[in-house]
Amino acid sequence: MYEPIRTKSVHTPAGPTPDFPHRSRGEELDIQLAGHLAALLAVTDELRALAPSGELDTAAERLAEQVTRLRGGVPPARSTAAAHGGAPQTAALHRRAHALAGRALVVAASRADTAAAILSAERMDAHAASSAEPREAITAG
């Protein structure tokens, strides 16, 4: 009743094209994780400029190491500008850093990257505690 199809369908892909970059899911997740950690590093550098602390210095170095590892040895760009602001800006930066660390944690868990997941979870805890401190001071005062 029907004649068999003798030619390839127009919907069949022509095959891999050498000019189109193809990345694996793992490579895409590494790129995404490096981006989230680099953004978290930028916020951490802003916080270090507002309120220098040894804990933030250590966190920034650990974040820079992870970003460098994920980018194949290319170190992240770092901010050296001094920030101006007060407690409201610091609290907002802590909330932003908490959100970025959460995103990094989700991607790290998806990638099964234990080192990045642990670092992200630690940063989430630290920023959650730091962003809660100003609220407690306001309600207690």
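Up top is the structure these notes are about.
Residues numbered from 1 in each chain as written. Predicted model: local features only at pLDDT ≥ 70, side-chain atom pairs only at ≥ 80, totals over all residues. Heavy atoms only, no water.

1. Brief notes about the overall build of the protein chain
Stage number 1. When helices and strands are counted, the protein chain shows four helices and zero strands.
Stage number 2. Of the regular secondary structure in the protein chain, the N- to C-terminal order runs α-α-α-α.
Stage number 3. Counting only residues that meet the buried cut, the protein chain has 32% of its 141 residues in that class.
Stage number 4. Restricting to contacts in the protein chain with at least 6 residues of sequence separation, those with at least 24 account for 72%. (Helix = DSSP H or I, 4+ residues; strand = E, 2+ residues; numbered from the N terminus. Buried < 20%, exposed > 50% of the residue type's maximum accessible area, 1.4 Å probe, protein only. Contact = heavy atoms within 4.5 Å.)

2. Observations concerning the environment of A104
Stage number 1. The residue A104 is located in helix 3 (residues 87-111) in this model.
Stage number 2. Measuring from C-alpha to C-alpha, the distance between A104 and A117 comes to 7.4 Å, with 13 residues separating the pair along the chain.

3. Some thoughts on the nonpolar core
If you look at soluble globular proteins, the nonpolar side chains tend to sit buried side by side.
Stage number 1. Counting residues in hydrophobic clusters, the biggest one holds 27 residues, and the most contacted among them are L33, L37, L40, V43 and L63.
Stage number 2. Mapped onto this core, the elements with two or more residues apiece are helix 1 (25-50), helix 2 (54-70), helix 3 and helix 4 (114-140).
Stage number 3. With 10 residues, helix 1 is the single largest residue contributor to this core.
Stage number 4. Ignoring any residue separated from it by four or fewer positions in sequence, one finds L37 in contact with L63, Q66, V67, L70, A104, A116 and S120. (Core = buried A, V, L, I, M, F, W, Y, C linked by side-chain atoms within 4.5 Å.)

4. Structural notes on the side chain of D30
Stage number 1. Along the chain, D30 falls in helix 1.
Stage number 2. Discounting chain neighbours no more than four positions away, the residues touching D30 are L70 and R111.

5. Thoughts on the side chain of D113
Stage number 1. Along the chain, D113 turns up in the loop between helix 3 and helix 4.
Stage number 2. Given a relative accessible area of 10%, D113 falls into the buried group.
Stage number 3. Sequence-distant contacts of D113, defined by excluding residues within four places in its chain, comprise L33, R69, L70 and A108.

6. Some thoughts on the pattern of salt bridges
Opposite charge on two side chains permits pairing when their charged atoms draw close.
Stage number 1. Counted according to the given criterion, the structure contains nine salt bridges.
Stage number 2. Between R48 and D45 there is a salt bridge, with the nearest N and O atoms lying 2.8 Å from each other. Note that R48 and D45 are positioned in helix 1 at a spacing of three residues, about one turn of the helix.
Stage number 3. According to the relative accessible area criterion, R48 is partly exposed, its value standing at 25%.
Stage number 4. For D45, a relative accessible area of 5% puts it in the buried group. (Salt bridge = Lys/Arg side-chain N within 4 Å of Asp/Glu carboxyl O.)

7. Considering unusual backbone geometry
Stage number 1. We note that A112 has phi near 60°; this positive angle belongs to a residue other than glycine.
Stage number 2. Counting through the fold element by element, A112 comes out in the loop between helix 3 and helix 4.
Stage number 3. The exposure class assigned to A112 is exposed, which follows from its relative accessible area of 63%.

8. Re the packing of helix 1 against helix 2
Stage number 1. Helix 2 packs onto helix 1 with a crossing angle of 155° between their chain directions and a minimal axis gap of 9 Å. Viewed along their axes, helix 1 and helix 2 adopt a mutual orientation that is roughly antiparallel. When the axes of helix 1 and helix 2 are compared, the crossing they make is left-handed. Residue-level contacts link D30, L33, A34, L37, A38, L40, L41, T44, D45, L47 and R48 of helix 1 to L56, D57, A60, L63, A64, Q66, V67 and L70 of helix 2.
Stage number 2. For the contact of helix 1 with helix 2, a count of residues per class yields 13 nonpolar, two polar and four charged. (Axes fitted to C-alpha atoms, helices over the stretch in contact; angles between N-to-C directions. Parallel < 35°, antiparallel > 145°, perpendicular 65-115°, else oblique. Left-handed = near helix turned anticlockwise from the far one by under 90°. Nonpolar A, V, L, I, M, F, W, Y, C, P; charged D, E, K, R; others polar.)

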